[in-house]
Amino acid sequence: MMISTGGCQCGAVRFRVEGELEEASICHCRMCQKATGGLFGPYVGAPFSAVSWTRGRPGYFQSSNKVRRGFCRDCGTPLTFEYGKGNISFALGAMDKPHSFKLCEQLASPERIADFQALASLPEHPIDEPRAAAHLAGIISFQHPDFDTADWPPKT
């Protein structure tokens, strides 16, 4: 059986999904842009019955008459998009292995940010480039790791 896990940036909320996930998609609608603070909302669906909250519980914002969105009350990480009573989708960035999902479709494309098409052609800066490497070397992350932990935050 497939097991997928994820959680928020600070580790206060963690979840587990047992079974196959649905197709991953991105939504360009204005609500998803605002809910994620990004150019679009990237989500992967799961049946409610397959979801368990393994640490904490999300807070919720009812963003429309049909959708509520789950988030961490401590760090603000967007976690879920819940449509109706049986449909839950998780923010791809909240998944422990977001790179393992293949995006299958785009929704609400007319609301897409104008420069979205240009993203692939923007210059890239490799992490071993001296300026980037110097910047990254000075960062101490307080973010929860991308796997379940018995306790969080670590005892000091």
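Residues numbered from 1 in each chain as written. Predicted model: local features only at pLDDT ≥ 70, side-chain atom pairs only at ≥ 80, totals over all residues. Heavy atoms only, no water.

### A word on the overall build of the chain
In step 1: Scanning the chain from terminus to terminus reveals two helices and ten strands.
In step 2: Order of helices (α) and strands (β) in the chain, N terminus to C terminus: β-β-β-α-β-β-β-β-β-β-β-α.
In step 3: Counting only C-alpha atoms and orienting by the principal axes, one finds that the chain spans roughly 50 × 50 × 30 Å.
In step 4: Taking the intrachain contacts of the chain between residues at least 6 apart in sequence as the baseline, contacts between residues at least 24 apart amount to 56%.
In step 5: By element, 56% of the accessible surface of the chain is carried by carbon and sulfur atoms, the whole surface being about 10100 Å².
In step 6: In the chain, the 16 positive side-chain charges and the 16 negative ones have mean positions that sit 8 Å from each other. (Helix = DSSP H or I, 4+ residues; strand = E, 2+ residues; numbered from the N terminus. Contact = heavy atoms within 4.5 Å. Areas by Shrake-Rupley, 256 points an atom, 1.4 Å probe, with all protein chains shown as cover. Lys, Arg positive; Asp, Glu negative; His and termini not counted. Charge placed at Lys NZ, Arg CZ, Asp CG, Glu CD.)

### A short note on the sheet that holds strand β9 (residues 87–91)
In step 1: On the basis of which strands lie adjacent, the open sheet formed by seven strands has the order β6-β7-β8-β9-β4-β3-β10 and mixed pairing. Strand pairing shows two members of the sheet lacking a second neighbour, β6 (59–62) and β10 (103–107), which therefore form its edges. Taking each pair of neighbouring strands and ignoring which way they run, the sheet shows an average axis angle of 30°.
In step 2: Bridge analysis of strand β3 (residues 24–27) against β10 gives four bridges, and the strand direction is parallel. Pairing of Ser25 across the sheet is with Glu105, part of β10. (Pairing = 2+ DSSP bridges. Axes fitted to C-alpha atoms, helices over the stretch in contact; angles between N-to-C directions.)

### Re the confidence of the model for the chain
In step 1: Within the chain, residue pLDDT values average 91, and 99% of them lie at 70 or more.
In step 2: The secondary structure element of the chain with the lowest average pLDDT is helix α2 (residues 130–137), at 86, and the one with the highest is strand β2 (residues 14–18), at 97. (pLDDT = per-residue confidence, 0-100.)

### Digging into the sheet that holds β2
In step 1: What the three strands build is an open sheet, ordered β1-β2-β5; its pairing is antiparallel. The strands lining the two open edges of the sheet, one partner per strand, are β1 (3–7) and β5 (51–55). Geometrically, the sheet is characterised by an average inter-axis angle of 25° between neighbouring strands, direction not taken into account.
In step 2: Where β2 meets β5, four bridges bridge the pair, whose relative direction is antiparallel. The partner of Arg16 across the bridge, within β5, is Ser52.

### Side note on the packing of aromatic side chains
In step 1: In the structure shown here, the tally under the stated rule is five aromatic pairs.
In step 2: Taking the centre distance of 5.8 Å and the plane angle of 75° together, the rings of Phe15 and Trp53 count as edge-to-face. Placement of the pair is Phe15 in strand β2 and Trp53 in strand β5, with a sequence separation of 38 residues. Assigned by exposure class, Phe15 and Trp53 land together as buried.
In step 3: Among the aromatic residues, ring-to-ring pairing joins Phe15, Trp53 and Phe90 into one connected group.
In step 4: Here Arg68 stacks its cationic end above the ring of Tyr60, 3.5 Å away from the centre of that ring. (Phe/Tyr/Trp six-rings, centres within 6.5 Å; stacked < 30°, edge-to-face > 60°. Buried < 20%, exposed > 50% of the residue type's maximum accessible area, 1.4 Å probe, protein only. Lys NZ or Arg CZ within 6 Å of the ring centre and 35° of its normal.)

### Considering the environment of Ala108
In step 1: Turning to its location among the elements, Ala108 is positioned in the loop between β10 and α2.
In step 2: The class for Ala108 is partly exposed, based on a relative accessible area of 29%.
In step 3: Between the C-alpha atom of Ala108 and that of His28, which follows or precedes it by 80 residues, the distance is 5.1 Å.
In step 4: When near neighbours in sequence (up to four residues on either side) are disregarded, Ala108 contacts Cys27, His28 and Cys29.

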